[in-house]
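Here's the letter readout for the chains.
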Amino acid sequence: MNKKVYIPESKHPRIVIVGAGFAGIHFIKKLKNKPFQIVLLDRNNFHQFPPLFYQVATSGLEPDAIIFSIRKMFQEFNNFIFRMAEVETIDTENNAIQTDIGAITYDHLIVASGSTNNFYGMDDVQANSIGLKTIQESLDIRSHILQNLERAVNTLDLEEKQRFSTIVIVGGGPAGIEMAGAMAEFQKYIYKKDYPDLALNPLQIFLIEAGSEVLSAMSNKSSKSTLTYLKELDINLRLDTAVKKYDGTQVTLSNGETIDSETLIWTAGVKGQFPKGLQPDLIQRGNRLKVDAFNRLESKENIYVIGDVAYMETAAYPNGHPMVAPTAIQQGEHLADNFLSTHWKPFTYYDKGALATIGKKKAVADLKGKHFKGFFAWFIWSTVHLMSISGFKNKLRVGLNWGSSYFSYDKNNRFIIRKFKRK
Ligand SMILES: Cc1cc2nc3c(=O)[nH]c(=O)nc-3n(C[C@H](O)[C@H](O)[C@H](O)COP(=O)(O)OP(=O)(O)OC[C@H]3O[C@@H](n4cnc5c(N)ncnc54)[C@H](O)[C@@H]3O)c2cc1C
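Rules used throughout
- Residues numbered from 1 in each chain as written.
- Predicted model: local features only at pLDDT ≥ 70, side-chain atom pairs only at ≥ 80, totals over all residues.
- Heavy atoms only, no water.
- Helix = DSSP H or I, 4+ residues; strand = E, 2+ residues; numbered from the N terminus.
- Rg over C-alpha atoms; globule rule 2.2 N^0.38 Å.
- Buried < 20%, exposed > 50% of the residue type's maximum accessible area, 1.4 Å probe, protein only.
- Contact = heavy atoms within 4.5 Å.
- Areas by Shrake-Rupley, 256 points an atom, 1.4 Å probe, with all protein chains shown as cover.
- Lys, Arg positive; Asp, Glu negative; His and termini not counted.
- Charge placed at Lys NZ, Arg CZ, Asp CG, Glu CD.
- Near = heavy atom within 4 Å.
- Polar contact = N/O pair within 3.5 Å; in protein donor to acceptor, adjacent residues only side chain to side chain.
- Nonpolar A, V, L, I, M, F, W, Y, C, P; charged D, E, K, R; others polar.
- Domains from an automatic or database assignment.
- Phe/Tyr/Trp six-rings, centres within 6.5 Å; stacked < 30°, edge-to-face > 60°.
- Lys NZ or Arg CZ within 6 Å of the ring centre and 35° of its normal.
- Salt bridge = Lys/Arg side-chain N within 4 Å of Asp/Glu carboxyl O.
- Pairing = 2+ DSSP bridges.
- Axes fitted to C-alpha atoms, helices over the stretch in contact; angles between N-to-C directions.
- Expected span 1.5 Å × (residues − 1).
- Arc of directions from axis to C-beta.

**A closer look at the overall build of the protein chain**
Counting secondary structure elements, the protein chain contains 11 helices and 26 strands. Its C-alpha atoms give the protein chain a radius of gyration of 22 Å, near enough to 22 Å, the size a compact globule of 423 residues would have. Viewed in the frame of its principal axes, the protein chain has a C-alpha envelope of about 70 × 50 × 45 Å. Residue burial in the protein chain is summarised as follows: out of 423 residues, 52% are buried. Contacts in the protein chain between residues far apart in sequence, at least 24 positions, make up 65% of those at least 6 positions apart. On the protein chain, roughly 19,800 Å² of surface is accessible, and the fraction owed to carbon and sulfur atoms is 53%. Averaging the locations of the 51 positively and 43 negatively charged side chains of the protein chain gives two centres separated by 6 Å.

Written out as structure tokens, the structure is:
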């Protein structure tokens, strides 16, 4: 192997963790000052809070409010080392990984590398759309939408104007619904005031869903209430319709319809992501890695997989656990408990319910078999998300931001700080 990453010597076994998402950080938090050398690797030097990406993308929150410094998070740990690195390959024979800054050996490896956009092989869609899986993509969406509105005001061609002010969101899951709802509020409270020159061109929002309902992972009641909210917000919904083509200016749908738009936001599919080097038979549905009941990678003694990228079949979850934050948090904490114990216990998932918000006072919640909607569901959604954000300062920033926009209906971050260009 070539260059090595500098890691100080330790008398304790080394646990290398790939990924500072929910799974990785909750695993580490339980091992504070315990007799392990913890080495965390991530391509970013911050932890992100994906449930609020859509608020950054729609100018509601500044990005710094929903990311948190990894080094700061673990300042008090005497057994913690962070290296900002892209992990490229895993060499299971030599208990080593190769990164873009060099090689590292491990005694135990925890793969917590999460998931990424799945475009189902549609290269044109991938090249011309923007996903919502990272804070960088959220900022790209914000810039792209605002740049297009600047282009819209500067053309006399009415068709071109409309194309710049039409936004197509693909995927009727929570991310797509929340994105569409926030854009509808942008249209209602900001667009007309900020862009008087576009009075004849309303901001058009399309939401495209291949299935027959939205929020299909939630209760039927939640799905139905969401349809009503989407209608109230003037969102053009297409059910049973898939995106077939997108060349950057026109979207072609499976029903033959075309929509002229410069903006396609892709939330329709996710797949596990992990470094190269693992045998193909370990890779299961959704590009996730097959683990046993202890999150151990099948046939490997010292490699564990947690969070979105882990595929664990159980009687209750024959197709693997849902790819949501509570799964990642619970698996991270459970695996750490096992590392601290001599009697390892199998993982069992505790389903806390599901929430989604479509706009202010418009939300749905399925909790303990009960369905809630409207203000109460929205209040629960806001409280749960506020409590889940890392760091007191970030909670305060998000809370103050929400408080002020609750009364003013404003979105305070309508800035093109970094111009977006399609690759
Ligand atoms: C827009 C959006 C909205 C969501 N809303 C909700 C919600 O409301 N409620 C909910 O429960 N869940 C929600 N989720 C899902 C939830 O965010 C995920 O289930 C959760 O983040 C998974 O955690 P994880 O630790 O497995 O992976 P992630 O949080 O994805 O973290 C993976 C980490 O690994 C790093 N990484 C990956 N590959 C490499 C590599 N090769 N080298 C170095 N670093 C690497 C990444 O930088 C990242 O920091 C949402 C997701 C998205 C995208």
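The structure having been displayed, the exposition proceeds.
**Topic: the site of the ligand**
With respect to spatial proximity, 29 residues lie near the ligand, and among them Ala23, Asp42, Val87, Asp308 and Ala325 are the closest. Contact between the ligand and valine 87: a nitrogen atom at 2.9 Å from a main-chain N or O atom of the residue. Note that an oxygen atom of the ligand is positioned 2.8 Å from one of the side-chain N or O atoms of aspartate 308. Considered on its own, the ligand offers 1,000 Å² of accessible surface; in the complex 88% of this is hidden by protein. When contributions to the shell around the ligand are tallied by element, the ones reaching two or more residues are α1 (22-29) and α9 (325-339). The element best represented in the shell around the ligand is α9, accounting for three residues. Taken together, the residues of the shell around the ligand sort by class into 15 nonpolar, nine polar and five charged. Shared between two domains, the shell around the ligand holds at least three residues of each, these being domain 1 (14-43 + 85-117 + 271-339) and domain 2 (123-268 + 360-408).

**Topic: the packing of aromatic side chains**
Two numbers describe a pair of aromatic rings. These are the distance of the centres and the angle of the planes. Under the defined criterion, the tally for this structure stands at 19 aromatic pairs. For the pair phenylalanine 375 and tryptophan 378, a centre-to-centre distance of 5.7 Å together with 45° between the ring planes defines the contact as tilted. Within this pair, phenylalanine 375 and its partner tryptophan 378 are both found in helix α10 (residues 374-388), separated by three residues, close to a single helical turn. Sitting over the face of the ring of phenylalanine 164, arginine 163 holds its NZ or CZ atom 5.7 Å from the ring centroid. Here the guanidinium or amino end of lysine 360 rests over the ring plane of tyrosine 406, the centre of that ring lying 5.2 Å away.

**Things to note about the pattern of salt bridges**
According to the stated counting rule, one finds 10 salt bridges in the structure shown. Close ionic contact of lysine 30 with aspartate 337 constitutes a salt bridge, the shortest N to O distance being 3.1 Å. Remark: aspartate 337 occurs in helix α9 and lysine 30 occurs in the loop between α1 and β2 (37-42); sequence separation between them is 307 residues. Here lysine 30 falls in the partly exposed class, since its relative accessible area comes to 34%. Its salt-bridge partner being glutamate 86, residue arginine 43 comes within 2.8 Å of it at the nearest N-O pair. Of the two residues, arginine 43 is situated in the loop between β2 and β3 (46-48) and glutamate 86 in the loop between β5 (80-84) and β6 (87-91); the sequence distance between them amounts to 43 residues. One network of salt bridges, in which partners are shared, links Asp194, Asp410 and Arg414.

**Brief notes about the sheet that holds strand β15 (residues 243-246)**
Pairing is antiparallel across the open sheet formed by three strands, whose spatial order is β15-β16-β17. Across the chains shown, the open sheet's two edge strands, defined by having one partner strand only, are β15 and β17 (258-260). The average undirected angle you get between the axes of adjacent strands in this sheet is 20°. Two elements, strand β16 (residues 250-253) and β17, share three bridges in a ladder whose sense is antiparallel. Within β17, the residue paired with glutamine 250 across the bridge is aspartate 260.

**Concerning the environment of arginine 163**
You can see arginine 163 is positioned in helix α6 (residues 158-164). Sequence separation between arginine 163 and aspartate 292 is 129 residues, and the spatial gap between their C-alpha atoms is 49 Å. Beyond its immediate stretch of four places on either side in the chain, arginine 163 contacts Thr249, Asp260, Ser261 and Glu262.

**Quick look at helix α8 (residues 220-232)**
Taking 1.5 Å as the rise per residue, α8 with 13 residues should run 18 Å; its terminal C-alpha atoms sit 19 Å apart, in good agreement. Looking at α8, one finds that the buried residues are Ser222, Ser223, Ser225, Thr226, Tyr229 and Leu230. For α8, the buried positions fall inside an angular range of 165° around the axis, keeping them on one side. In α8, the exposed positions that point more than 90 degrees away from the buried face belong to Lys221, Lys224 and Lys231.

**Concerning the sheet that holds strand β26 (residues 370-373)**
Across the sheet, three strands lie side by side as β24-β25-β26; this open sheet has antiparallel pairing. At either end of the open sheet lies a strand with only one pairing partner, and these are β24 (354-359) and β26. Each strand of the sheet is rotated relative to its neighbour by a mean of 10°, with strand direction disregarded. In this sheet, strand β25 (residues 362-367) lies alongside β24 in antiparallel orientation, the contact comprising five bridges.

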